[in-house]
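# Residue-level structure breakdown
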Amino acid sequence: MTKLALVTGATSGIGYAYAEQLAADGYDLVAVGRNQDRLRELAETLSAVTVTTVAADLSSDLGIRTVAELCASEPLDLLVNNAGVAHYMPLAELSVSQASELVHVKVLAPTMLARAAVPGMLQRQAGTIVNVAGMLGFGGPAPLAPMRGRAIYTATLAHLIAFTQAMHEELSPSGLTLQVCCPGVVATEFHTRQGIDMSAVPRMSAQDVVTASLRGLELGEVVCAPGVEETSLLDTVFAADIAAFGGQSPQLASRYKTT
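## Thoughts on the pattern of salt bridges
- A full pass over the atoms with the stated rule returns four salt bridges.
- Of the charged contacts, one joins Arg34 and Asp57 as a salt bridge, the two residues approaching to 3.5 Å between their closest N and O atoms. Note that Arg34 is positioned in the loop between strand E2 (28–33) and helix H2 (36–45) and Asp57 in the loop between strand E3 (51–55) and helix H3 (61–73), a separation of 23 residues in sequence.
- Classification of Arg34 by relative accessible area gives partly exposed; the value is 47%.
- Here Asp57 falls in the partly exposed class, since its relative accessible area comes to 30%.
- Among the ionic pairs, Arg40 bridges to Asp37, the shortest N-O distance being 2.9 Å. One end of the pair is Arg40 and the other is Asp37, both in helix H2 and three residues apart, which spans about a single turn.
- Each of Arg34, Asp57 and Glu101 takes part in a single network of salt bridges with overlapping partners.

## Considerations on the packing of aromatic side chains
- Scanning all chains against the criterion turns up one aromatic pair.
- Summarising the aromatic geometry, the rings of Phe138 and Phe238 are spaced 6.3 Å apart at their centres and angled 45 degrees between planes, so their arrangement reads as tilted. One end of the pair, Phe138, is in the loop between strand E5 (127–132) and helix H5 (151–171); the other, Phe238, is in helix H7 (residues 231–246), with 100 residues separating them in the sequence.
- Under the relative-accessibility criterion, Phe138 is labelled partly exposed at 26%.

## Concerning the packing of H3 against helix H4 (residues 96–124)
- Closest axis-to-axis distance for the H3/H4 pair is 8 Å, and the angle between their directions is 25 degrees. As far as their axial angle goes, H4 and H3 are roughly parallel. Considering only the axes of H3 and H4, their crossing is right-handed. Touching Asp61, Ile64, Val67, Ala68, Cys71 and Ala72 of H3 are His104, Leu108, Ala109, Met112, Leu113, Ala116 and Ala117, all from H4.
- Counted by class, the contact of H3 with H4 contains 11 nonpolar, one polar and one charged residues.

## Notes on helix H1 (residues 13–24)
- The end-to-end C-alpha distance of H1, which contains 12 residues, comes to 17 Å, matching closely the 16 Å that a straight helix rising 1.5 Å per residue would cover.
- Listed as buried for H1 are Ile14, Gly15, Ala17, Tyr18, Ala19, Leu22 and Ala23.
- Backbone geometry just downstream of H1 places Gly26 in the positive-phi region, at approximately 95 degrees.

## Points about the pairing of strand E4 (residues 78–81)
- Where burial is concerned, the two faces of E4 agree: the one with Leu78 and Val80 and the one with Leu79 and Asn81 are both buried.
- As judged from the three bridges shared by strand E1 (residues 4–8) and E4, these two strands associate in the parallel manner. Among the inter-strand pairings, Leu6 is bridged to a residue of E4, identified as Leu79.
- As paired strands, E4 and E5 are joined by four bridges and run parallel to one another. Counted as the bridge partner of Asn81 is Asn131 from E5.
- Following the chain from E4 across H4 to the adjacent parallel E5, one finds a crossover that is right-handed.

Conventions used here
Residues numbered from 1 in each chain as written. Predicted model: local features only at pLDDT ≥ 70, side-chain atom pairs only at ≥ 80, totals over all residues. Heavy atoms only, no water. Salt bridge = Lys/Arg side-chain N within 4 Å of Asp/Glu carboxyl O. Helix = DSSP H or I, 4+ residues; strand = E, 2+ residues; numbered from the N terminus. Buried < 20%, exposed > 50% of the residue type's maximum accessible area, 1.4 Å probe, protein only. Phe/Tyr/Trp six-rings, centres within 6.5 Å; stacked < 30°, edge-to-face > 60°. Axes fitted to C-alpha atoms, helices over the stretch in contact; angles between N-to-C directions. Parallel < 35°, antiparallel > 145°, perpendicular 65-115°, else oblique. Left-handed = near helix turned anticlockwise from the far one by under 90°. Contact = heavy atoms within 4.5 Å. Nonpolar A, V, L, I, M, F, W, Y, C, P; charged D, E, K, R; others polar. Expected span 1.5 Å × (residues − 1). Pairing = 2+ DSSP bridges. Right-handed = clockwise from strand over helix to strand, strands pointing away.

Printed below as a string of structure tokens:
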């Protein structure tokens, strides 16, 4: 039986690479994007499989609701929450509309689409959700230079990492597979759309990101970091998180006591 995958942000960059590779692997696709012309081109390119196109803007409540209804009604084997947007600028200069767009696309949309897809996956006792985040999700305390003004963007990626890890703990015993994919800088339109020249920065290809993600699923990786060779670095981070979480007590820490 043909498998079915829904990919958001499917018309460019990492999302397009997911769509291409999943089609090559025999998946039928629900491709979500903002631009209907690009969606049509994608469907024509991947004509060997069934591609259903959905024009939806995930920065809007209506767009999220439209795609969530599909996630709830279609027998999805795989959901790829990839849609992205970035506004690199100091927090005080970030407009309300830009901040809202970031939170809708990178926090609210993947949260609500996963919430819509999970009941059906649980009923079928199978299903995979991949959330595409980025290594900046680990970069909250990193020095700002050279990319200044990224507080909300970084926070949205950190949300996806914690969200996916928590979903894994909750849902993996029921047969579901969860992954958050955290690439570094990738050679896509992502920065050029903002007028940021990244040509001098070494960048990974979108195809390599997807190769790592799909191989990571085979390896059972909940956190896939395509450019990190030493996975012990990630293990150290997660062990420290658990240690800090477990180190709390109901007693006030001594450094806060004034007497």
